[in-house]
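So you can see what is in the structure, the chains are spelled out below.
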Amino acid sequence: PEPRLEKLYQDVILDHNRNPRNYKVLENPTQYSHGVNPLCGDDYHLYLKVDGQGKIEDIGFQGSGCAISKSSASLMTQFIKGKPVEEAEKIKKYFLEVLTKETVSQEAKESIGRLILLEGVKEFPVRVKCATLIWHALGDALNDTKGGKS
Ligand code: ZN
C-alpha cells in the first residue's frame, strides 16, 4: 500500500486496540459465539441482540488477543451494528474474500467500507487468522439458534 494508507492503517489498528468499540458483554443476547485462534492466543466472546425485524440491534465482544484481532473485532462491531442480518452475512463474506482471496471483486472492496484498511494484513499471512477470527465468530453467532445460551 501507499505510505499514507499504511500510516492510516496503523493509526486505526492502534486506536481500536487501545480503545475497542462495543467492548462489552450483552445482558440478554439472542445470539452468541466463542472464537479462538490457538496459533496466536486470540480468544473472544461475541454477543448479538437481533430484534424482531432481523436487525442487529446491539453487539458486543469481550476477550483478549493481539492488536490485529482486537481492532478487527472492534471495527467489525462498529460496522455491523444496526444492520440487518442478511447484510451482515454479506459483509462477512466480502470481508473474508478481501482478506483471503488472491483476486478480489470490486463489489467486495466497495461493500466493506473502511474495513478495507485491514487489507494490509494480507502482507503478513500468519496474521490473517487474527483479522478474520471475529468474522468467523460472527458467522457462527448469526447461525446460533440456541438463543444465546450455550
Ligand atoms: Zn492474533
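Preceding block: the structure.
As the structure is a prediction and not an experimental result, all values here were calculated from the model.

Re the coordination of the zinc ion
Every protein donor of the zinc ion is listed here as Cys 40 (SG), Asp 42 (OD), Asp 42 (OD), Cys 66 (SG) and Cys 130 (SG), and their distances to the metal cover 2.2 to 2.6 Å. The exposure class of Asp 42 is buried, given its relative accessible area of 0%. A relative accessible area of 2% means that Cys 130 is categorised as buried.

Concerning the sheet that holds strand β2 (residues 42-50)
The three strands are arranged β1-β2-β3 in an open sheet whose pairing can be described as antiparallel. The sheet terminates laterally at β1 (31-37) and β3 (56-64), the two strands that pair on one side only. Averaged over all pairs of adjacent strands, the angle between their axes in this sheet comes to 15°, without regard to strand direction. Bridge count for β2 against β3 is eight bridges, and the pairing is antiparallel.

Digging into the environment of Glu 27
Its location among the elements puts Glu 27 in the loop between α1 (3-18) and β1. Glu 27 gets classed as exposed once you look at its relative accessible area, which sits at 75%. Taking the C-alpha atoms as reference points, Glu 27 and Leu 8, separated by 19 residues in sequence, lie 34 Å from one another.

Here's the deal with the packing of aromatic side chains
Tallied over the full model, the rule gives four aromatic pairs. Measuring from ring centre to ring centre gives 4.3 Å for Phe 95 and Trp 135, while their planes differ by 15°; the resulting arrangement is stacked. With Phe 95 in helix α3 (residues 85-100) and Trp 135 in helix α5 (residues 125-142), this pair connects stretches of sequence that are 40 residues apart. Each of the two residues, Phe 95 as well as Trp 135, counts as buried.

Focus on the pattern of salt bridges
Considering all chains together, one arrives at five salt bridges under this definition. A salt bridge links Asp 58 to Lys 81, with the nearest nitrogen and oxygen atoms 3.4 Å apart. On the criterion of sequence distance, the pair formed by Asp 58 in strand β3 and Lys 81 in the loop between α2 (67-80) and α3 is long-range, its members being 23 residues apart. When the shortest N-O distance is used, the salt bridge between Glu 89 and Lys 92 registers 3.8 Å.

Focus on α5
Helix length check: α5 (18 residues) gives 26 Å between terminal C-alpha atoms against 26 Å at 1.5 Å per residue, within 8%. The largest bend along α5 measures about 40° and falls at Thr 132. Listed as buried for α5 are Val 128, Cys 130, Ala 131, Thr 132, Leu 133, Ile 134, Trp 135, Ala 137, Leu 138, Gly 139, Ala 141 and Leu 142. The secondary structure elements touched by the buried residues of α5 are β1, β2, β3, α2 and α3.

Cut-offs and rules
- Residues numbered from 1 in each chain as written.
- Predicted model: local features only at pLDDT ≥ 70, side-chain atom pairs only at ≥ 80, totals over all residues.
- Heavy atoms only, no water.
- Donors = N, O, S within 2.8 Å, 3.2 Å for Na, K, Ca; no water.
- Buried < 20%, exposed > 50% of the residue type's maximum accessible area, 1.4 Å probe, protein only.
- Pairing = 2+ DSSP bridges.
- Helix = DSSP H or I, 4+ residues; strand = E, 2+ residues; numbered from the N terminus.
- Axes fitted to C-alpha atoms, helices over the stretch in contact; angles between N-to-C directions.
- Phe/Tyr/Trp six-rings, centres within 6.5 Å; stacked < 30°, edge-to-face > 60°.
- Salt bridge = Lys/Arg side-chain N within 4 Å of Asp/Glu carboxyl O.
- Expected span 1.5 Å × (residues − 1).
- Bend = angle between axes of the 7 residues up to and from the residue.
- Contact = heavy atoms within 4.5 Å.

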